[in-house]
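Architecture and fold: a report
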Amino acid sequence: ASEVRGMSAFQITKDMKAGWNLGNSLESDYNETYWRNPTITKPMIDAIAAKGFRTLRVPTRWDDNYSDPSSYTISKDYMDRVEEVVNYGLSNGMYVILNVHHNDLQTKASADWQEKENIKNELRSIWTQIATRFQKYGDRLIFEVNNEPRSGEDWTGNSELYKCVNECNEAARDAIRAAGGNNSIRLISLPTYCASPDEIKVRGLEKICAEDDMIAVSVHAYLPWDFAYEAEGHSDWRDADREELQPVFDRLYEFFISKQIPVYIGEFGATDKDNLSDRETYASVFAGMANSYGIPSVWWDNHVFGKGGEHFGIFDRYNLTFTGKIADNIINAYNQTSDQNVLFSG
């Protein structure tokens, strides 16, 4: 797991391809089974890798696992457990994205100086501990500094809040680089405000450290929203849905990729509306479009099944089976070579 291959940020993102989120587990309140998902096992992750997923995102909550909240000290037992889960992925040759997910600080973006300092201090502390623990790990381990940073339930934000996110991203990035070992060359990903790919948020993201070229941008895309996310939205995949996706990818290209900053989509998915074949089509189209831009995409799987809102499960963690062809279609889309990828390889 300590291999470093001298790859550029673009070479790494191009190699990440199809990904899967270990959702509603390590990032749940209190402990990994509190949201009623089973304890994570190596056979689960082995099955994800055997299916053909190249990237495992491990959403992780740290602040419910501080042994000393006043200094943001992460308990040794929890750090050991996170390392064990990370190794389930790395032992399969996968890329593993480790992040800060659902910590209280995720919703505390603010224009207030003191609030900002509080977030920065906590992020610095968390990332110093994580980066120190994993400093000997190779370049298949990626650090994502925060999940969906925002102010409470304000999903729009403003220039002051975008500035706060940029400064907090930089504090985390700087702490990781300072932790030594392979952290000097590790790919670090920075989210936009609430990880949105909307133009205003994409425009608001600034990569503060100009000389650090091992940086990627992380966005989420439950798009098109009416089909992919809204429980009461339309359930049939339409030509108009594909047309709605096109400007999203064009924007990521224009603002980041064309400026030599790679991107990955850390979460995407379509909720179950009893429309399996439409979701299978969506998976093919979305992943195919992402691949044509050299953008890896990571399906959000919270292990919630049946028809309804936020029912994104496609892998049954009890019997290690997959729902229809959704996973196959994502993986197959990334196994198609694309002419465009040559242009976007950096």
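The shown structure was predicted, so the numbers you read here are calculated from the model rather than taken from an experiment. (Residues numbered from 1 in each chain as written. Predicted model: local features only at pLDDT ≥ 70, side-chain atom pairs only at ≥ 80, totals over all residues. Heavy atoms only, no water.)

Structurally, the position occupied by D250 is in helix α8 (residues 239-255). Judged by its relative accessible area of 35%, D250 is partly exposed. Considering only alpha carbons, one finds D250 and Y293, 43 residues apart in sequence, at a separation of 8.6 Å. (Helix = DSSP H or I, 4+ residues; strand = E, 2+ residues; numbered from the N terminus. Buried < 20%, exposed > 50% of the residue type's maximum accessible area, 1.4 Å probe, protein only.)

Moving on: the state of the cysteines. Using the criterion set out here, one finds 0 disulfides in the structure. Not part of a disulfide, C168 finds its nearest cysteine sulfur in C164, a span of 4.0 Å. Look at C168 and you get buried, because its relative accessible area is 6%. Not engaged in a disulfide, the cysteine C194 finds its nearest cysteine sulfur in C164; these two sulfurs lie 13 Å apart. (Disulfide = S-S within 2.5 Å.)

For the protein chain, the mean per-residue pLDDT works out to 96, and 97% of the residues sit at or above 70. Across residues 340-346, confidence stays below pLDDT 50; counting only partners more than four residues off in sequence or on other chains, it has 16 contacts. (pLDDT = per-residue confidence, 0-100. Contact = heavy atoms within 4.5 Å.)

With that settled, the discussion passes to helix α2 (residues 42-51). Note that an α-helix has 3.6 residues per turn; residues three or four places apart therefore point the same way. All of the buried residues in α2 are M44, I45, A47, I48 and A49. In the core, the buried residues of α2 are packed alongside β1 (18-21), β2 (55-58), α3 (76-90), β11 (315-316) and β12 (321-322). After α2 finishes, the residue G52 shows a positive phi value of roughly 125°.

A few words now on α8. For α8, which comprises 17 residues, the first-to-last C-alpha distance of 26 Å matches the rise-based estimate of 24 Å (1.5 Å per residue) to within 8%. For α8, the full list of buried residues reads D241, L245, V248, F249, R251, L252 and F255. All buried residues of α8 project into a common sector of 155° when viewed along the axis, lining one side. Facing away from the buried side of α8, by more than 90 degrees, are the exposed residues D239 and E243. (Expected span 1.5 Å × (residues − 1). Arc of directions from axis to C-beta.)

Applying the stated criterion across every chain yields a total of 31 salt bridges. The partner of D64 in a salt bridge is R61, with the nearest N and O atoms 3.5 Å apart. Among the ionic pairs, R173 bridges to D212, the shortest N-O distance being 2.7 Å. In this pair, R173 is assigned in helix α5 (residues 159-178) and D212 in the loop between α6 (199-204) and β8 (215-221), connecting sequence segments 39 residues apart. Given the relative accessible area of 7%, R173 is considered buried. Note on D212: relative accessible area 7%, which makes it buried. Among the charged side chains, a salt-bridge network with shared partners connects D29, R61, D63, D64 and D104. (Salt bridge = Lys/Arg side-chain N within 4 Å of Asp/Glu carboxyl O.)

Now for the packing of aromatic side chains. Evaluated as defined, the whole model comprises 24 aromatic pairs. When the centroid spacing of 6.1 Å and the interplanar angle of 40° are considered together, the rings of Y229 and F312 count as tilted. Here Y229 is found in the loop between α7 (225-228) and α8, whereas its partner F312 is found in the loop between β10 (297-299) and β11, with 83 residues between them in sequence. The structure contains a cluster of three or more aromatic residues connected by ring pairs, namely F227, W237, F249, Y253, F268, Y282, F286, Y293 and W299. Its end group placed over the ring of F322, K51 keeps NZ or CZ at 4.8 Å from the ring centre. Above the ring of F143, the side-chain terminus of R186 is found at 4.9 Å from the ring centroid. (Phe/Tyr/Trp six-rings, centres within 6.5 Å; stacked < 30°, edge-to-face > 60°. Lys NZ or Arg CZ within 6 Å of the ring centre and 35° of its normal.)

Among the structural elements, S25 can be located in the loop between β1 and α2. Relative accessible area serves as the criterion here: at 0%, S25 is assigned to the buried category. Those residues in contact with S25, other than ones at most four positions away along the chain, are N31, E32, N37, I40 and R317.

This part is about the pairing of β2. Here β2 shows two buried faces, one formed by T55 and R57 and the other by L56 and V58. By the bridge criterion, 4 bridges tie β2 to strand β5 (residues 95-99) in an arrangement that is parallel. Bridge assignment links R57 to a residue of β5, and that residue is I97. (Pairing = 2+ DSSP bridges.)

Right, let's get into the sheet that holds β8. The 8 strands lie next to each other as β1-β2-β5-β6-β7-β8-β9-β10, forming a closed barrel whose pairing is parallel. The average angle at which neighbouring strand axes cross in this sheet is 25°, direction not considered. As defined by bridge partners, strand β9 (residues 263-268) adjoins β10 across 2 bridges and the pair is classed as parallel. Residue pairing across strands places I265 opposite S297, the latter belonging to β10. The strands touched by helix α4 (residues 113-133) within the sheet are β5 and β6 (141-144), with β6 carrying the most contacts at an inclination of about 175°. Packed onto the sheet, α5 meets β6, β7 (188-191) and β8 and runs at close to 165° relative to β7. (Axes fitted to C-alpha atoms, helices over the stretch in contact; angles between N-to-C directions.)

Our focus in this paragraph is the packing of helix α9 (residues 276-292) against helix α10 (residues 326-335). Two numbers describe how α9 lies on α10: the axes approach to 8 Å, and their chain directions differ by 20°. The orientation of α9 relative to α10 falls into the category roughly parallel. Crossing hand, α9 versus α10: right-handed. Residues L276, R279, E280, A283, S284, A287, G288, A290 and N291 of α9 pack against I326, N329, I330, A333 and Y334 of α10. Looking at the contact of α9 with α10 residue by residue, the class counts come to 8 nonpolar, 4 polar and 2 charged. (Parallel < 35°, antiparallel > 145°, perpendicular 65-115°, else oblique. Left-handed = near helix turned anticlockwise from the far one by under 90°. Nonpolar A, V, L, I, M, F, W, Y, C, P; charged D, E, K, R; others polar.)

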